[in-house]
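# Architecture at a glance
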Amino acid sequence: PVAHWVWGGGWMGEMGALDFAGGNVVHINAGVAGLVLAIVLGKRKGYGRDAMFPSSVTLTALGAALLWFGWFGFNAGSQLAADGIAGSAFLVTNTSAAMGALAWMFAEWYFSKRPTVLGIASGVVAGLVAITPGAGFVNLQASLIIGLVAGVFGYFSVSTLKLKLGYDDSLDAFGVHGLCGIWGAIATGLFACPAISGKSGLFYGNPKQLVIQLVSIVATIAFSAVGTLIVVY
């Protein structure tokens, strides 16, 4: 239903919501569903007491690399054409991912005194998630900012927010996909550049676009949360 609302001529699309490759449709939707499931199911035995590291950091890094490569397919590929917008989407996807990795690594290095490969891999995904809704709408400079904020935001959502709220989200679906997806949707409303695809955000003289993005975010969160609860119960 969310995909139809945005991409299928539904009310979000008619309202003018921008979601190039699935910020609302995939990441906010899935991140909120993951949070609801984590809360309903409760914590794993030993959570908060026992160390629960990934079983293989090597496979984690390999998986992140495969994700990074595959992300070009559905970000640039969402243009459904080999043209300038697809090329721009390819470029900003790579830049945001790289910046997300660096931002997460340096945040982790500064606050916990040691960077980790797991943190770098998480930063890559955070940057990829955040650029997804705006991939065909924002320019290179904006992608640097989007990736930077996503890396730092993702790090704090996982290292601080999750602990304060007390939910057990083993793969940080909400912290990385949900929250960074929300940031990406907001950033699209800020940085959409008319020179890329004719769409303008707040910083290019169209404050209405940011309002539309915020409405679409709230609607997606509400739909996903309620729908997930119905399925669970």
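To keep things clear, this report deals only with the structure shown in the data block. Just so it is clear, the structure is predicted and the values come from calculations on it, not from any experiment. (Residues numbered from 1 in each chain as written. Predicted model: local features only at pLDDT ≥ 70, side-chain atom pairs only at ≥ 80, totals over all residues. Heavy atoms only, no water.)

### What to know about the overall build of the protein chain
- Looking only at helices and strands, the protein chain has 10 helices and 0 strands in total.
- The linear arrangement of helices and strands in the protein chain, starting from the amino end, is α-α-α-α-α-α-α-α-α-α.
- Counting only C-alpha atoms, the protein chain reaches 50 × 40 × 30 Å along its principal axes.
- Per-residue burial for the protein chain yields a buried fraction of 47% across its 233 residues.
- A fraction of 71% describes how many contacts in the protein chain between residues 6 or more apart in sequence connect residues 24 or more apart.
- By element, 71% of the accessible surface of the protein chain is carried by carbon and sulfur atoms, the whole surface being about 11100 Å².
- Here the protein chain contributes 10 positively and 8 negatively charged side chains, and the mean placements of these two sets differ by 10 Å. (Helix = DSSP H or I, 4+ residues; strand = E, 2+ residues; numbered from the N terminus. Buried < 20%, exposed > 50% of the residue type's maximum accessible area, 1.4 Å probe, protein only. Contact = heavy atoms within 4.5 Å. Areas by Shrake-Rupley, 256 points an atom, 1.4 Å probe, with all protein chains shown as cover. Lys, Arg positive; Asp, Glu negative; His and termini not counted. Charge placed at Lys NZ, Arg CZ, Asp CG, Glu CD.)

### Things to note about the nonpolar core
- Formed by 35 residues in total, the largest nonpolar core has its most connected members in Phe20, Ile146, Trp183 and Phe191.
- Only α4 (57–76), α5 (84–112), α6 (117–131), α7 (140–165) and α8 (173–191) provide two or more residues apiece to this core.
- With 10 residues, the next largest nonpolar core counts Val32, Leu35, Phe174 and Ile217 among its residues. (Core = buried A, V, L, I, M, F, W, Y, C linked by side-chain atoms within 4.5 Å.)

### Digging into the pattern of salt bridges
- This model, assessed by the stated rule, comprises 2 salt bridges.
- Residue Arg44 is joined to Asp168 by a salt bridge in which the shortest nitrogen-to-oxygen separation is 2.8 Å. Residue Arg44 is located in the loop between α3 (23–41) and α4, and its partner Asp168 is located in the loop between α7 and α8; the two are separated by 124 residues in the primary sequence. (Salt bridge = Lys/Arg side-chain N within 4 Å of Asp/Glu carboxyl O.)

### Comments concerning the packing of aromatic side chains
- All chains considered together, the criterion is met by 13 aromatic pairs.
- Each member of the aromatic cluster is reached from another via a ring pair, and the members are Trp104, Tyr110, Phe111, Tyr155 and Phe156.
- Over the aromatic face of Tyr110 sits the side chain of Lys113, whose NZ or CZ is 5.6 Å from the ring centroid. (Phe/Tyr/Trp six-rings, centres within 6.5 Å; stacked < 30°, edge-to-face > 60°. Lys NZ or Arg CZ within 6 Å of the ring centre and 35° of its normal.)

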